[in-house]
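# Secondary and tertiary structure notes
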Amino acid sequence: MKKHISPALRLTGVMLVLLSVVYPLLVAGFARFTPGGGAGETVIANGKVVGFARIGQSFRDDRYFNTRPSAVGYNAAGSGGSNKGPSNPEYLKQVQARIDTFLVHNPDIRRADIPVELVTASGSGLDPDLSPGAAKIQVARIARVRGISVDRLNTLVDAHTESPLFGLFGPARVNVLKLNVALDAL
Amino acid sequence: MNTELIGVAVTYLATLLLAIPLAQLMAACFRDKPEPNSRPAMGFMAPLERLIYRIAGIDPDRPMNWKENLVALLTINALWFVYAFFMLLFQDKLPLNPDGNPAMTPDLAFNTAISFMVNCDLQHYAGETGLTYLTQLGVINFLMFVSAATGIAALMLMVRAFRPERTELSGNFYVYFTRAITRILLPGSLILAFFLTLNGVPASFDGEGQFASIEGDTVHVSRGPAAAVIAIKHLGTNGGGYFGANSAHPLENPTYGTNMVELMAQVLLPIALLLAFGYLINRRRFIWVVFGVMTTGFLLLVIPTLMTEYSGSPALANLGLAQPTGAMEGKEVRFGPLSSAYWSIATTAISTGSVNSMHDSSMPLSGAFQLLGMMTNAFYGGCGVGFLNYFYYLIIAVFIAGLMVGRTPELFGRKVEAREIKIASLVALLSTLLIKGGTALAAWLVVQHPEVVGPLVSVHDASNASHADHYHGFTQMLYEFTSANANNGSGFEGLNDNTLFWNVATGFVLLLGRFIPIIGPLTVAGLLANKKYVPATSGTLPTDTATFGLMTLAVILIITALSFFPVLVLGPLAEYFTPR
């Protein structure tokens, strides 16, 4: 035991320099040359930073494409899901309330057609995306409130739909912040 | 075909294809003497290694016996624990804390230091507010490297026990440990971290970002040197999130592309290490049989979980939702339910414990499969320790098969006798004791002394709670102990786990669940290595056939079922069968 203490101490010291100083500095140095410079890509509208591209933000107004419910209220100083079990009665009441609210704001939509992500909370509480279907289902409402044609809005959603990776892997999605910035610019 | 399904299938197959060349590279890295006419792999790291040995005062050419190696391993681990504990305890007074985060309480620091030292990464805090940049890099990131390297070194020590010659001396822990870092983990993590930063993962030392949102909220965004930590978190099967939401967080895992790469990175080393082990002991057929057993078990867990999550939540169907896209509570749109389901099994079988969806909100059956992944803990398994866990199933399988056909049980030309069987059985039984004993204690306390455990979130309002809630609350406690014992680190995060009870109880389970399964198999291997080598004859039970593979799979399934079926019935299965 004793004769292993000195090598253990010295090995720990040299590994600390290598792994906790040199390695992260190399990564941070490389990140300077990436989009966003390693500090997170921002989205700019009218010369002002209105958000981070990857971080979802709360959109509840009828004039905007709404984002998903969030267990942390889109507060990006933290993160997390609801962590409610699938049969938790409190949770089911909450989903029921979200369905009712959605139907009030979107009266033309049938209950069975509501995309499930619009009434369930994401894992991070900061989900920046919607599926194209969940964006399009809100088009009728936004067209009514803003007085823009449905066709124009559908084209806008299509233009902001990111197809699966290489057209092959994973779901298609729409970044809601970018979509809403473009919506304001219409 | 569905792009989500293709994404999952390609992720898995690409991992296997990458693992084979990586296994050859790793085998070459860890040979004591390079094969004739070939240069040592990653030899350009040799000068750096010589420098490290010189500073640390290590003689790399001095072999040690298995006991000395174990002492070296345990001593340096104890040192890391002390270092990490005090760093976390005083992090608020140390530099690099731009967000002004507080120190950890002693019980939380105890739990966190152990948790990361043992490669588990159970987290009873959230990274945004629970750590500083200094402790993220100096404690978390550091322990992620060295705990993975410890696992790899332990496996490499085991290799030396299976050479044909009888040998007291079996390699040098320090050398394998150092090479695991310089030749595998550090270069791999650098490449991975560069890739992550290119895709938007932060890597800077600026504090929180801030902006006014379009709807007028002022939002703070936590960030920091995340990419470096996230790379080793996956490569080393650690799994501790930089952010609270782990790889569900859009800055920790921004795109489907990073999701695929992070998934591959965590499954890659366990498979490559297994194959490298086979190359090093020169028994390729044997190791492919082991691989076949593990793959069968892995797919048996993956496929039903994919189906369960894809068919959506029955409770939400009752509310009139159609759910053509599957269950979405606790899941991210950019990953979808299939990739989330696959990740939840990969991370529990491999002992990473990172999550890209919240397991607490998975369907009850998926929860059962996640638990089974951790209970067996040998379908590929963690960095290096996956095969060590498989090893005790193997010893028991050899013993039972030997009894069935009336031959002396043998493994790799050494007789397996009472002492080895006893150790293997005790290690197998220990996990049962820790998981079920811990859960039983917690369940008793919840009823008798709820103030000790802290409130169970799912049943905090008992008058309101249904039966399903109670089953779910039981599953949360079961999951916490299973995760701690398997050194996994994921959790049913609805559990209110930052309390004295959970911090201390899981802290001890973590320690036992890590070091006993390292000490046990290494001791057995050490004992076997000291025995006379008996060359294989027609009377030897072959361990490299499909029949023996099936036998091992049966042993794994039977031990797991006997040990854990009752608790699974009380938790996830009861919840699943509760009428709604």
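Residues numbered from 1 in each chain as written. Chains lettered and ligands numbered in written order. Predicted model: local features only at pLDDT ≥ 70, side-chain atom pairs only at ≥ 80, totals over all residues. Heavy atoms only, no water.

This next bit is on the overall build of chain B. In terms of helices and strands, chain B carries 19 helices and four strands. Over its C-alpha atoms chain B spans a radius of gyration of 23 Å, differing by no more than 12% from the 25 Å that the globule rule assigns to 580 residues. Its C-alpha atoms give chain B principal-axis dimensions of about 75 × 55 × 55 Å. Of all 580 residues assigned to chain B, the portion counted as buried reaches 66%. (Helix = DSSP H or I, 4+ residues; strand = E, 2+ residues; numbered from the N terminus. Rg over C-alpha atoms; globule rule 2.2 N^0.38 Å. Buried < 20%, exposed > 50% of the residue type's maximum accessible area, 1.4 Å probe, protein only.)

Counting residues at the interface gives 94 residues for chain A, matched by 110 residues for chain B. Buried area between chain A and chain B, summed over both chains or domains, comes out near 8,000 Å², and the portion from carbon and sulfur atoms is 67%. Between the two partners, chain A and chain B, sit one salt bridge. One salt bridge connects E68(B) with K3(A), and the closest N-O pair in it is separated by 2.9 Å. Applying the counting rule to chain A against chain B returns 34 residue pairs in polar contact (both at pLDDT 80 or more). At the level of elements, α1 (5-31), β2 (48-52), α2 (89-105), β3 (129-130) and α6 (176-185) of chain A are the ones that each hand at least two residues to the side of chain A that touches chain B. Ranked by residue count, the leading element in the side of chain A that touches chain B is α1(A), at 21 residues. Split into classes, the residues belonging to the side of chain A that touches chain B amount to 51 nonpolar, 27 polar and 16 charged. (Contact = heavy atoms within 4.5 Å. Buried area = accessible area lost by both parts, 1.4 Å probe. Salt bridge = Lys/Arg side-chain N within 4 Å of Asp/Glu carboxyl O. Polar contact = N/O pair within 3.5 Å; in protein donor to acceptor, adjacent residues only side chain to side chain. Nonpolar A, V, L, I, M, F, W, Y, C, P; charged D, E, K, R; others polar.)

Let us look at the sheet that holds β3(A). All names here are of chain A. Here we have three strands laid out as an open sheet, ordered β3-β5-β4, and antiparallel in their pairing. Each edge of the open sheet carries a strand with a single partner, namely β3 and β4 (161-162). Note: β4 against strand β5 (residues 173-175), two bridges, orientation antiparallel. If you follow T161 over to β5, its bridge partner there is V174. On top of the sheet, α6 reaches β3 and β5; it is set at about 60 degrees to β5, its chief contact. (Pairing = 2+ DSSP bridges. Axes fitted to C-alpha atoms, helices over the stretch in contact; angles between N-to-C directions.)

The subject of this paragraph is unusual backbone geometry. In this model, N83(A) sits at a positive phi of 55 degrees, which is unusual for a non-glycine residue. Summarising the element assignment, N83(A) is placed in the loop between β2 and α2. Given the relative accessible area of 15%, N83(A) is considered buried. A positive phi angle, near 50 degrees, is found at F412(B), a position not held by glycine.

What follows is about the nonpolar core. Judged by nonpolar contacts, the single largest core of 203 residues is most densely connected at L11(A), F173(B), F177(B), F298(B), F387(B) and F391(B). Leaving out residues up to four positions away in the same chain, L11(A) has contacts with I52(B), A56(B), I58(B), I76(B), Y174(B), F177(B) and T178(B). By size, the runner-up hydrophobic cluster in this structure holds 41 residues, among which are I114(A), A135(A), V139(A) and L183(A). (Core = buried A, V, L, I, M, F, W, Y, C linked by side-chain atoms within 4.5 Å.)

Moving on: a nonpolar patch on the surface. A contiguous nonpolar surface patch, about 410 Å² in accessible area, is contributed by V17(A), V21(A), V22(A), L25(A) and L26(A). Within the element layout of this structure, L25(A) appears in helix α1. (Patch = residues over 30% accessible without salt bridge, like charges linked within 9 Å, V, L, I, M, F, W, Y side chains within 5 Å. Areas by Shrake-Rupley, 256 points an atom, 1.4 Å probe, with all protein chains shown as cover.)

Residues spaced three or four apart along an α-helix face the same direction, because each turn holds 3.6 residues. Residues and elements named next belong to chain B. The first and last C-alpha atoms of helix α13 (residues 364-376) sit 19 Å apart over 13 residues, in line with the 18 Å expected at 1.5 Å per residue. Counting buried positions along α13 yields 11 of 13 residues, so the element is predominantly enclosed. Buried within α13 we find P364, S366, G367, A368, F369, Q370, L371, G373, M374, M375 and T376. Packing partners of the buried residues in α13 comprise α10 (284-310), α12 (336-349), α14 (385-405), α17 (467-485) and α19 (546-577). (Expected span 1.5 Å × (residues − 1).)

Our next topic: the pairing of strand β1 (residues 42-45) of chain A. All names here are of chain A. Side chains of β1 alternate between two faces, with V43 and A45 buried and T42 and I44 left unburied. Summarising the sheet, β1 and β2 pair through four bridges and their orientation is antiparallel. If you follow A45 over to β2, its bridge partner there is K48. Counting the residues between successive antiparallel strands, the hairpin from β1 to β2 contains two residues, one of them, N46, with a positive phi of roughly 50 degrees.

All names here are of chain A. The tally for this structure, following the rule as stated, stands at 19 salt bridges over all chains. Its salt-bridge partner being R173, residue E162 comes within 3.3 Å of it at the nearest N-O pair. One end of the pair, E162, is in strand β4; the other, R173, is in strand β5, and 11 residues separate them in sequence. Residue classification places R173 among the buried residues on the basis of a relative accessible area of 11%.

On to helix α6 (residues 133-161) of chain B. Residues and elements named next belong to chain B. An ideal rise of 1.5 Å per residue puts 42 Å on 29 residues; α6 measures up with 42 Å between its terminal C-alpha atoms. The largest bend in α6 amounts to roughly 25 degrees and is located at L143. Where burial is concerned, most of α6 is hidden: 28 out of the 29 residues are buried. (Bend = angle between axes of the 7 residues up to and from the residue.)

Right, let's get into the packing of aromatic side chains. In this structure the tally under the stated criterion is 31 aromatic pairs over all chains. Taken together, a centroid distance of 6.3 Å and an interplanar angle of 85 degrees make the contact between F166(A) and F169(A) edge-to-face. With a centroid separation of 5.3 Å and an interplanar angle of 80 degrees, the aromatic rings of F85(B) and F86(B) are classed as edge-to-face. By relative accessible area, which is 17% here, F85(B) ends up buried. (Phe/Tyr/Trp six-rings, centres within 6.5 Å; stacked < 30°, edge-to-face > 60°.)

All names here are of chain B. Residue position: N246 is located in the loop between α8 (226-235) and α9 (256-280). For N246, a relative accessible area of 4% gives the class buried. Looking at N246, its side chain comes within polar contact range of the main-chain oxygen of G239, at 3.0 Å.

Looking now at the environment of G57(B). Residues and elements named next belong to chain B. Along the chain, G57 falls in the loop between α2 (46-56) and α3 (66-89). On the basis of relative accessible area, G57 is assigned to the partly exposed category, the value being 47%. Here the alpha-carbon distance between G57 and L403, two residues 346 residues apart in the chain, equals 49 Å.

Residues and elements named next belong to chain B. Burial along strand β1 (residues 209-212) is one-sided: the face carrying G209 and F211 is buried and the face carrying Q210 and A212 is not. Strand direction decides the pairing type here: β1 and strand β2 (residues 218-221), joined by four bridges, are antiparallel. Directly across from A212, in β2, lies its bridge partner T218. Taken together, β1 and the strand that follows it, β2, pair antiparallel across an intervening segment of five residues, in which G216 is found at a positive phi of about 95 degrees.

Further remarks concern the environment of T352(B). All names here are of chain B. Mapped onto the elements, T352 comes out in the loop between α12 and α13. Here T352 falls in the buried class, since its relative accessible area comes to 0%. Not counting residues up to four positions away in its chain, the partners in contact with T352 are C120, K233, H234, T237, N238, G239, Q266, T347 and N488. Separated by 2.9 Å, the side chains of T352 and Q266 make a polar contact.

Quick look at the confidence of the model for chain B now. Taken residue by residue, chain B gives an average pLDDT of 88. The fraction at 70 or more is 95%. Both scores are available for the predicted complex, with the pTM at 0.92 and the ipTM at 0.94. (pLDDT = per-residue confidence, 0-100.)

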